[in-house]
Amino acid sequence: MRFEILRLDEVDGTAVDSTVVDAASVNRIVQQAAAIGQRLWIRPAETKAS
């Protein structure tokens, strides 16, 4: 499964940038964000129908 991780602005909470990663990478990214106090929004990535 893949997830979209959006980095949020510290002031107003709007999305600043985003990346799509596999499930194995989510924990590492969350740990890094927690270490520096960064706000994230994580949601399942949209899948394209074939």
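Anything mentioned here points back to the structure above.
Residues numbered from 1 in each chain as written. Predicted model: local features only at pLDDT ≥ 70, side-chain atom pairs only at ≥ 80, totals over all residues. Heavy atoms only, no water.

### Some remarks on the overall build of the protein
Assigned secondary structure in the protein consists of one helix and three strands. Along its sequence from the N terminus, the protein presents helices and strands in the succession β-β-α-β. Once the C-alpha set of the protein is aligned to its principal axes, its extents read approximately 40 × 20 × 10 Å. When each of the 50 residues of the protein is scored for burial, the buried share is 22%. Summarising the internal contacts of the protein: among those between residues at least 6 apart in sequence, 45% fall at separations of at least 24. A gap of 5 Å separates the mean positions of the 6 positive and 7 negative side-chain charges of the protein. (Helix = DSSP H or I, 4+ residues; strand = E, 2+ residues; numbered from the N terminus. Buried < 20%, exposed > 50% of the residue type's maximum accessible area, 1.4 Å probe, protein only. Contact = heavy atoms within 4.5 Å. Lys, Arg positive; Asp, Glu negative; His and termini not counted. Charge placed at Lys NZ, Arg CZ, Asp CG, Glu CD.)

### Side note on the pattern of salt bridges
The tally for this structure, following the rule as stated, stands at two salt bridges. With its nearest N and O atoms 2.8 Å apart, the salt bridge here joins Arg43 to Glu4. One end of the pair, Arg43, is in strand E3 (residues 40-44); the other, Glu4, is in strand E1 (residues 2-8), and 39 residues separate them in sequence. By relative accessible area, which is 31% here, Arg43 ends up partly exposed. The closest approach of N and O atoms between Arg7 and Asp17, which form a salt bridge, is 3.0 Å. Of this pair, Arg7 sits in strand E1 while Asp17 sits in strand E2 (residues 15-22), placing them ten residues apart in sequence. Residue class for Asp17 comes out partly exposed when judged on its relative accessible area of 39%. (Salt bridge = Lys/Arg side-chain N within 4 Å of Asp/Glu carboxyl O.)

### Let's talk about the nonpolar core
Membership of the largest hydrophobic core is limited to five residues, which are Phe3, Ile5, Val21, Val26 and Ile29. Those elements that place two or more of their residues in this core are E1 and helix H1 (23-36). The contact partners of Phe3, leaving out residues within four places of it in the chain, are Thr19, Val20, Val21, Ala23, Val26, Ile42, Arg43, Pro44 and Ala45. (Core = buried A, V, L, I, M, F, W, Y, C linked by side-chain atoms within 4.5 Å.)

### Considering H1
Along H1, the positions that sit buried rather than exposed are Ser25, Val26, Ile29 and Ala33. An end-on view of H1 places all buried positions within 110° of arc, on one side of the element. The outward face of H1, more than 90 degrees from its buried face, is lined by the exposed residues Ala24, Asn27, Ala34 and Ala35. On its buried side, H1 packs onto E1, E2 and E3. (Arc of directions from axis to C-beta.)

### A word on the packing of aromatic side chains
According to the stated counting rule, one finds zero aromatic pairs in the structure shown. For the cation-ring pair, Arg43 lies above Trp41, with the distance from its terminal atom to the ring centre recorded as 4.7 Å. (Phe/Tyr/Trp six-rings, centres within 6.5 Å; stacked < 30°, edge-to-face > 60°. Lys NZ or Arg CZ within 6 Å of the ring centre and 35° of its normal.)

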